[in-house]
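Summary of structural features
Now for the letters of each chain:
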Amino acid sequence: MAVNAIDQTRRMLSLVTYLKDRPGARVEEVARAFGISDDELISDLNVLPMCGTSFRGGDLLEIDTDGERIWWRNSEALGSDTAQPLRLAADEATALLVAARAVATLPGLRESDRDALQRAVAKLETAAGESAGASSRLSVTFESEGGVFADVDRAIAERRRLWIRYYSPARDELTEREVDPIRLFAVGHTYMEAWCRLSEARRTFRLDRVAEIKLLDERSDPPPIEPRDLSAGLVQPAATDPEVVVEVGPGGRWVAEYYPHDSAEELPDGGLRITLRTPDPASLRRLALRLGPDGRITAPKELAESARDAARKALAAYGV
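Note that this is a predicted model, so its numbers are computed, not measured.

Thresholds applied
Per chain, the residues get numbers from 1 upward, laid out in the order the sequence is written. Reporting in this predicted model follows two pLDDT cut-offs: at least 70 for local features of residues, and 80 or more for side-chain atom pairs to be given and counted; totals over whole chains, interfaces and linings ignore these cut-offs and use all residues. By convention in this description, side-chain values take in all heavy atoms of the structure and omit both hydrogens and water. What makes two strands pair is DSSP finding at least two bridges between them. Under the DSSP-based scheme used, a helix requires at least four consecutive residues in state H or I and a strand at least two consecutive residues in state E, with every element numbered from the N terminus. In this analysis an axis means a line fitted to C-alpha atoms, helices contributing only their contacting stretch, and an angle means the value between N-to-C directions, from 0 to 180 degrees. Accessible area is worked out with a 1.4 Å probe on protein chains only. A residue is then buried under 20% of its type maximum, exposed over 50%, and partly exposed in between. Two rings belonging to Phe, Tyr or Trp (six-membered ring only in the last case) form a pair when the distance between their centres is within 6.5 Å. Interplanar angles under 30 degrees mark stacking, angles over 60 mark edge-to-face geometry, and anything in between is tilted. As a reminder, the over-ring test applies to NZ of lysine and CZ of arginine, requiring each to be within 6 Å of the ring centre and within 35 degrees of the ring normal. Working rule for angles: under 35 degrees goes down as roughly parallel, over 145 as roughly antiparallel, 65 to 115 as roughly perpendicular, anything else as oblique. Crossing handedness is read from the near helix: turned anticlockwise from the far helix by less than a right angle, it gives a left-handed crossing, and turned clockwise, a right-handed one. Note on contacts: a residue pair is in contact if any heavy atoms of the two residues lie within 4.5 Å. Any residue that is not Ala, Val, Leu, Ile, Met, Phe, Trp, Tyr, Cys, Pro, Asp, Glu, Lys or Arg is counted as polar, Gly included; the first ten are nonpolar and the last four charged.

Before going further, it helps to examine the sheet that holds strand 9 (residues 243–248). Read from one edge to the other, the open sheet built from 4 strands follows the order 10-11-9-12, with strand pairing classed as antiparallel. What marks the edges here is a single partner per strand, and that holds for strand 10 (263–266) and strand 12 (295–299). Sheet twist, expressed as the average angle between the axes of neighbouring strands with direction ignored, equals 25°.

Phi is mostly negative for residues that are not glycine, and the peptide bonds are mostly trans. Backbone torsion omega between A299 and P300 reads 0°, so that peptide bond is classified as cis. Within the secondary structure, P300 sits in the loop between strand 12 and helix 10 (301–317). For R159, which is not glycine, the phi torsion reads 55° and is therefore positive. Among the secondary structure elements, R159 is positioned in the loop between helix 7 (144–158) and strand 4 (160–168). Relative accessible area serves as the criterion here: at 39%, R159 is assigned to the partly exposed category. With phi around 50°, E200 is a residue other than glycine that occupies positive phi space. Residue position: E200 is located in the loop between strand 6 (189–196) and strand 7 (201–206). For E200, a relative accessible area of 44% corresponds to the partly exposed category.

Quick look at the environment of V244 now. Along the chain, V244 turns up in strand 9. A residue is classified by how much of its surface remains accessible, and V244, at 0% relative accessible area, is buried. Sequence spacing of V244 and H261 is 17 residues, and the spatial spacing of their C-alpha atoms is 9.5 Å.

Turning next to the packing of aromatic side chains. What the rule picks out here adds up to 3 aromatic pairs. Both rings, one in Y18 and one in F34, keep their centres 5.3 Å apart while their planes meet at 80°; by these two values the pair is edge-to-face. On the criterion of sequence distance, the pair formed by Y18 in helix 1 (residues 5–20) and F34 in helix 2 (residues 27–34) is long-range, its members being 16 residues apart. Among the residues examined, F34 registers a relative accessible area of 22% and is labelled partly exposed. Aromatic pair Y166 and F205: ring centres 5.0 Å apart, planes at 85°, arrangement edge-to-face. Here F205 lies in strand 7 and Y166 lies in strand 4, a separation of 39 residues in the sequence. Exposure remark for Y166: the relative accessible area of 8% places this residue in the buried category. The class of F205 is buried, set by a relative accessible area of 2%. Above the plane of the ring of Y18 lies R22, whose end atom (NZ or CZ) is 3.8 Å from the centre. The positively charged end of K214 is found above the aromatic ring belonging to W163, 4.9 Å away from the centroid.

Another point: the sheet that holds strand 6. Strand pairing in a sheet relies on backbone hydrogen bonds. The paired strands run either parallel or antiparallel. Taking strand neighbours across the sheet as the criterion, the 5 strands line up as 7-6-5-4-8 in an open arrangement whose pairing is antiparallel. The sheet terminates laterally at strand 7 and strand 8 (210–219), the two strands that pair on one side only. Averaged over neighbouring strand pairs, the angle between their axes works out to 45° when direction is ignored.

Looking now at the packing of helix 4 (residues 90–104) against helix 5 (residues 111–128). Taken N-terminus to C-terminus, the directions of helix 4 and helix 5 make an angle of 160°; their axes are 10 Å apart at the nearest point. Taken together, the axes of helix 4 and helix 5 lie roughly antiparallel to each other. For helix 4 against helix 5, the interelement crossing comes out left-handed. Across the interface between the two elements, A93, L96, L97, A100, R101, V103 and A104 from helix 4 touch R114, L117, Q118, V121, L124, E125 and A128 from helix 5. Class assignment for the residues of the contact of helix 4 with helix 5 results in 10 nonpolar, 1 polar and 3 charged.

Below, the structure written as structure tokens:
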């Protein structure tokens, strides 16, 4: 069953209550109770210590695990009998109100969630008093990725298919396709894992590369597949894959952002010497052609020569 971002948040809130009543609970038992894998549970547990009533010492959740059992070290300190009332400074109240109002305007947000958020904003405005006045003079506009996230999140919740126009940097082109979304996740950037009806295979789409998105009335029906293990990163080249070295100028530094790499060494001209691994080095010839004067493959020698030959043929085709 696909889980969206809001459902995951609800699960983590329930997890806090569950763990409070079960000190030293076993990882496998907790995962089974919540219908998730051990790895997904550990991922949640890695986030919980960043949550609490404030960022002051003792107010964050002190939850840790040795991989077999889970302990909440300060559950009593955050209990209803001993917890201090939450007090927000004027700047904290302003930031929270501005952010909440901005989220409430996201397209694709479920109405029940929007209504709950607006009720929370109203209560916060009352509690903040004069501090709320400054927030009314500020506004935030999300980049397009925020709207895409909301549409994907809604599609997962309502089990609806999506139509997207997607930019592929490897091919330097936009493609149109219908997809059945499976889940949202973040590994550096935010991604959608989906079943692509164009390729009839599982594909991963980076949200900031979605140029256009539409929710369709057709029901989403991805085949039952196990979620990918992302504990080692999104792209996981093997240690035995051939090593390729690419040198880029300032205009080609984007390569280090788009391609997983072993190292990126700064060059005197503001460029980078990027070392990466790939099971198919020949596939990087297209990258070399796209870089043009902004970069070149320097190793292995055979691939570098092949890339230069491809560039010469491309120029000859245009009569250059």
